[in-house]
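The chain contents come next:
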Amino acid sequence: MSKILIRGAKVLDGEPQDVLIDGETITEVGAALSATGARVIEADGQILLPGLVDLHTHLREPGREDSETVLTGTRAAAVGGYTSVHAMANTFPVADTAGVVEQVWRLGRESGYCDVQPVGAVTVGLEGKKLAELGAMHDSAAGVKVFSDDGKCVDDAVIMRRALEYVKAFDGLIAQHAQEPRLTEGAQMNEGIVSAELGLGGWPAVAEESIISRDVLLAAHVGSRVHICHLSTAGSVEIVRWAKSKGWNVTAEVTPHHLLLTDELVRSYNPVYKVNPPLRTEADVMALREALADGTIDCVATDHAPHPHEDKDCEWGAAAMGMVGLETALSVVQHTMVETGLLDWAQVADRMSFRPARIGRLTGQGRPVSAGEPANLTLVDSAYRGQVDPAGFASRSRNTPYQGRELPGRVTHTFLRGRATVVDGKLA
Amino acid sequence: MKRHLISAADLTRDDAVLILDTAEEMARLADRPIKKLPTLRGRTIVNLFFEDSTRTRISFEAAAKRLSADVISFSAKGSSVSKGESLKDTALTLEAMGADAVVIRHHDSGAPHRLATSGWIGGSVVNAGDGTHEHPTQALLDAFTMRRHLGQGTGSDLAGRRVTIVGDILHSRVARSNVHLLSALGADVTLVAPPTLVPIGVGHWPCEVSYDLDSVLAKSDAVMMLRVQRERMNAAFFPTEREYARRYGLDGERMARMPEHAIVMHPGPMNRGMEITADVADSPRCTAVEQVTNGVSIRMAVFYLLLGGAEPAVSEPAAPALTRTEESS
């Protein structure tokens, strides 16, 4: 593999430097490096980040290839600056066996655009009744470390306790979709002023907060670590903050859309805003931003949830929940966190690469941008401004809430172990 | 008025008074030997019902027919919808058949809004009840009934009148529409229900809330009893039917505490013995049957204003045929 010299990039927004890649590795970082024999990429002061890591992606394969495949999903990830994604288990069949997780893992390797870490289901068929073969999934070629019934909550306290205990044997992690099922029967949006006016079933904040409360206590009780998926309420933030103050091993993520959008948008009845957990209030959004800034929330995760057009081009009640997010995540974070002064780019690297990699126990991802490290890199033109046009998405699905919205920032280059997967904003 | 009637919240005071006044003109038709106007001759109105509701469907059908429109009734049961056809494809079919207006009843809140704003259909959309959201023509016929009993006649609103709505507010599209409309017409609305059946966020609605029916009866000009669905009991909204009837049901004793001029209303169908006793339901103060009659006049007025035009609805001796306008006033 040839050498690549990235010239004049601000590493984590520091002073402009040159970064030399040789093969799969960063070999030098410094001023005025020799370009001999290297392909030169003029960064012109763009920001260089470690390749982004997503703990929460739905790739839909196997089973719903009309929405997304591992190939199209990893292409979308590369366009968004990601070099590693965790593929959630709610596929058809469910990724609850070594066979299915290995299939997803191999498809990821073959795609070549992004590492794919399969997430194993906690329970058989995501039914919440019987533990899946967590050990077999860990021992498989996929080497699964993260387990989740995402899309559904592991609501049985005993099953949750057993899962938390069991994965300690191989340093596994249970990632919980916190949703008390009885409190959210028929729920279609955040319960509050807007749901009352629109006559849509309410998803109360307490349905999330009560499960998080239980699970941090369970994790502390059994001495395990637990990860809370897509926090959406100010109350959830307070519970996680309290648990961390006790020294418990709790981590949490927030999605870009929960950092920007509110339930007021549902007044349009446009299903593009239908997502689980639902869009909350302005006060929740502000609390989530603050918590991401102060580290209470560890990382940003996309919850990229592709759906075909027909599943969204319908009435609200019939529409599928979820929105795509891989290709817009960094722009939304720049808009909501960097341009508001809540995070600098070094902290963005922490929340979108270093910490999620650490939580997922990845060794070759989320590494510093320095000599000797794997060349997983993302180059960002933060001065760019443009309207989101889903027609150009690499994802197979287009269900974005940002169509036509102006967002800042653009990933110009992505490198996966020294190979450019995105060049000048386009797939290589 | 706008091109569609989706929500009572979209109606200004003047819009609402115009509809009520037009309905008064339409009501006069009932006294004629031939209860029919040529106003919407050649126009096609589709009743698109995804949810069973015989009385509402018949009311819309009668209203359209009295205005000489061609009426197509489409029930989701036994249709292509039950075979999995989407609302969008159904709408495109109706559009291809040249529907001038679609009256839609749907189990999902927001479905009429989606139909009207998605570009699937070009005609007017009338919400005949969507999920637990709204039922604007029911609110209009309720307001029409109140104005006849309590108001000052044509041109007037309901300023200063006190209306109490009792029952399952949480799941009631009738209550939501009534709160918006009655507020626009100047009435003071009080909602009465057990706390489990009051929506979170109701504090932002233009009304008062009480958990005590007895405390508001004496100052009510109209008491509207809502139907309580018996399946709500399984979801623990209240302990027993008996307890609900005792605390929130309207019986003769409670009715006697209402002012003499006050009326009892019910959108129907009634659970006699649950939210209303038989003696109250059958009393001359109960307007439930009259509301059904008024529903036809209101729906005629809505069709006329959406599809007809700005000419007088009923002229003597015969009404002219009117041309369609996109924005009727």
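Note that the coordinates shown come from a computational prediction; the quantities given were computed from them, not determined experimentally.

## Remarks on the overall build of chain B
Phase 1 of the analysis: Scanning chain B from N- to C-terminus turns up eleven helices and nine strands.
Phase 2 of the analysis: In terms of C-alpha radius of gyration, chain B reaches 20 Å, essentially the compact-globule figure of 20 Å for 329 residues.
Phase 3 of the analysis: Its C-alpha atoms give chain B principal-axis dimensions of about 50 × 50 × 35 Å.
Phase 4 of the analysis: Every one of the 329 residues in chain B was classed for burial, and the buried ones make up 57%.
Phase 5 of the analysis: Sequence-distant contacts in chain B: of pairs separated by 6 or more residues, those separated by 24 or more amount to 75%.
Phase 6 of the analysis: A total accessible area of about 13000 Å² is found for chain B, and carbon and sulfur atoms account for 50% of it.
Phase 7 of the analysis: Charge centroids of chain B, computed over 37 positive and 40 negative side chains, lie 3 Å from each other.

## Quick notes on the sheet that holds strand β1 (residues 44-49) of chain B
Residues and elements named next belong to chain B.
Phase 1 of the analysis: Here four strands make up an open sheet; going across it, the order is β2-β1-β3-β4 and the pairing parallel. Across the chains shown, the open sheet's two edge strands, defined by having one partner strand only, are β2 (70-75) and β4 (124-130). Strand after strand, the sheet turns through a mean of 15° between neighbouring axes, direction not considered.
Phase 2 of the analysis: Along the sheet, helix α3 (residues 87-96) contacts β1, β2 and β3 (101-106); its crossing angle with β1, the most-contacted strand, is approximately 160°.
Phase 3 of the analysis: Against the sheet, helix α11 (residues 288-308) contacts β1, β3 and β4, and its axis sits at roughly 150° relative to β4.

## Regarding the environment of B:I165
All names here are of chain B.
Phase 1 of the analysis: Note on placement: I165 falls in strand β5 (residues 162-166).
Phase 2 of the analysis: Taking the C-alpha atoms as reference points, I165 and L213, 48 residues apart in sequence, are found 9.7 Å from one another.
Phase 3 of the analysis: For I165, the residues in contact, after removing those within four places along its chain, are A175, N178, V189, T190, L191, V192, M224 and L226.

## Re the packing of helix α5 (residues 136-150) of chain B against α11(B)
Residues and elements named next belong to chain B.
Phase 1 of the analysis: In the contact formed by α5 and α11, the axes pass within 8 Å of each other and the chain directions differ by 115°. By crossing handedness, the relation of α5 to α11 is classed as right-handed. For the pair α5 and α11, the contacting residues are T137, Q138, L140, L141, D142, F144, T145, R148 and H149 in the first and E290, Q291, N294, G295, I298, R299 and V302 in the second.
Phase 2 of the analysis: Of the residues contributing to the contact of α5 with α11, the split by class is five nonpolar, seven polar and four charged.

## Description of the pairing of strand β1 (residues 3-11) of chain A
All names here are of chain A.
Phase 1 of the analysis: Sheet analysis places β1 next to strand β2 (residues 16-22), joined by six bridges and oriented antiparallel. Residue pairing across strands places K10 opposite P16, the latter belonging to β2.
Phase 2 of the analysis: In this structure, the hairpin formed by β1 and β2 is closed by a connection of four residues, where L12 is found at a positive phi of approximately 55°.
Phase 3 of the analysis: The pairing of β1 with strand β4 (residues 38-42) spans five bridges and is parallel. Residue pairing across strands places L5 opposite V40, the latter belonging to β4.
Phase 4 of the analysis: Pairing geometry for β1 and strand β5 (residues 47-50), over two bridges, is parallel. Paired with K10 across the strands is I47, a residue of β5.

## Some points on helix α2 (residues 98-111) of chain A
Residue and element names in this part refer to chain A.
Phase 1 of the analysis: Compared with the 20 Å implied by 1.5 Å per residue over 14 residues, the 20 Å span of α2 between its first and last C-alpha is a close match.
Phase 2 of the analysis: Those residues of α2 that sit buried are V100, V101, V104, W105, G108 and S111. Taken down its axis, α2 places every buried residue within 135° of arc, on the same side. Residues R109 and E110 are exposed on α2 and point more than 90 degrees away from its buried face.
Phase 3 of the analysis: For α2, the elements touching its buried residues are α1 (70-79), β7 (82-87), β8 (115-118) and α3 (134-139).
Phase 4 of the analysis: Two residues or fewer past α2, G112 is found with a positive phi of approximately 80°.

## Looking at the interface of chain A and chain B
Phase 1 of the analysis: Of the residues lining the interface, 21 residues belong to chain A; the matching set on chain B comes to 18 residues.
Phase 2 of the analysis: Applying the counting rule to chain A against chain B returns two salt bridges.
Phase 3 of the analysis: The shortest N-O distance in the salt bridge between A:D313 and B:K88 comes to 2.4 Å.
Phase 4 of the analysis: Our enumeration of links across chain A and chain B arrives at nine residue pairs in polar contact (both at pLDDT 80 or more).
Phase 5 of the analysis: Residues belonging to the side of chain A that touches chain B are distributed by class as follows: nine nonpolar, six polar and six charged.

## Quick word on the layout of surface pockets
All names here are of chain A.
Phase 1 of the analysis: One number sums up the size of the second largest pocket: a volume of about 570 Å³.
Phase 2 of the analysis: Lining of the second largest pocket is provided by 24 residues; of these, V79, E327, Y384, F393 and R410 occupy positions nearest its centre.
Phase 3 of the analysis: Of the residues in the lining of the second largest pocket, the class split is ten nonpolar, nine polar and five charged.

## Topic: the sheet that holds strand β13 (residues 226-228) of chain A
Residue and element names in this part refer to chain A.
Phase 1 of the analysis: Across the sheet, which stays open at both edges, the five strands sit in the order β9-β10-β13-β14-β15 with parallel pairing between neighbours. The open sheet is flanked by β9 (146-147) and β15 (299-300), the only strands paired with a single partner.
Phase 2 of the analysis: Bridge count between β9 and strand β10 (residues 173-176): two bridges; the pairing is parallel. Note on β10: the bridge partner recorded for V146 is L173.
Phase 3 of the analysis: In this fold helix α4 (residues 157-166) packs onto β10 and β13, with an angle of close to 145° to the strand it touches most, β10.

## A look at helix α7 (residues 234-245) of chain A
All names here are of chain A.
Phase 1 of the analysis: Taking 1.5 Å as the rise per residue, α7 with twelve residues should run 16 Å; its terminal C-alpha atoms sit 17 Å apart, in good agreement.
Phase 2 of the analysis: Burial in α7 covers these residues: S236, V237, I239, V240 and A243. Buried residues along α7 cover an arc of 165° about the axis, so they all sit on one side.
Phase 3 of the analysis: In this structure, the buried side of α7 is in contact with α6 (205-222), β14 (250-254) and α8 (282-294).
Phase 4 of the analysis: Note on α7: the residue one or two positions beyond its end, G247, has a positive phi of about 85°.

## So, the packing of α7(A) against α8(A)
Residues and elements named next belong to chain A.
Phase 1 of the analysis: Taken N-terminus to C-terminus, the directions of α7 and α8 make an angle of 30°; their axes are 8 Å apart at the nearest point. One finds that α7 runs roughly parallel with respect to α8. Between α7 and α8, the contacting residues are A234, V237 and R241 on the first element and D284, A287, L288, A291 and D294 on the second.
Phase 2 of the analysis: Across the contact of α7 with α8, the residue classes tally to five nonpolar, no polar and three charged.

## Observations regarding the pairing of β5(A)
Phase 1 of the analysis: Looking at chain direction, β5(A) and strand β16 (residues 377-387) of chain A are connected through four bridges and run antiparallel. Along β16(A), the bridge assignment pairs A:I47 with A:V380.

## Considerations on the pattern of salt bridges
Residues and elements named next belong to chain A.
Phase 1 of the analysis: Using the criterion set out here, one finds 39 salt bridges over all chains in the structure.
Phase 2 of the analysis: Here D298 and R355 are joined by a salt bridge, their closest N and O atoms 3.0 Å apart. Placement of the pair is D298 in the loop between α8 and β15 and R355 in helix α10 (residues 345-359), with a sequence separation of 57 residues. Take D298 and R355: they sit in the same class, and that class is buried.
Phase 3 of the analysis: Among the salt bridges present, the one from D350 reaches R355, with a minimum N-O distance of 2.9 Å. With respect to burial, D350 and R355 carry one shared label: buried.
Phase 4 of the analysis: Within this structure, K244, D298, D350, R351 and R355 form a network of salt bridges that share partners.

Quick notes on the rules
- Residues numbered from 1 in each chain as written.
- Chains lettered and ligands numbered in written order.
- Predicted model: local features only at pLDDT ≥ 70, side-chain atom pairs only at ≥ 80, totals over all residues.
- Heavy atoms only, no water.
- Helix = DSSP H or I, 4+ residues; strand = E, 2+ residues; numbered from the N terminus.
- Rg over C-alpha atoms; globule rule 2.2 N^0.38 Å.
- Buried < 20%, exposed > 50% of the residue type's maximum accessible area, 1.4 Å probe, protein only.
- Contact = heavy atoms within 4.5 Å.
- Areas by Shrake-Rupley, 256 points an atom, 1.4 Å probe, with all protein chains shown as cover.
- Lys, Arg positive; Asp, Glu negative; His and termini not counted.
- Charge placed at Lys NZ, Arg CZ, Asp CG, Glu CD.
- Pairing = 2+ DSSP bridges.
- Axes fitted to C-alpha atoms, helices over the stretch in contact; angles between N-to-C directions.
- Left-handed = near helix turned anticlockwise from the far one by under 90°.
- Nonpolar A, V, L, I, M, F, W, Y, C, P; charged D, E, K, R; others polar.
- Expected span 1.5 Å × (residues − 1).
- Arc of directions from axis to C-beta.
- Salt bridge = Lys/Arg side-chain N within 4 Å of Asp/Glu carboxyl O.
- Polar contact = N/O pair within 3.5 Å; in protein donor to acceptor, adjacent residues only side chain to side chain.
- 1 Å grid on protein atoms, 1.4 Å probe; cavity = no way out; pocket = protein on both sides within 12 Å on 5 of 7 lines; lining within 4 Å.
- Points joined across faces, edges and corners; volume = space filled by probe spheres on them.
- Parallel < 35°, antiparallel > 145°, perpendicular 65-115°, else oblique.

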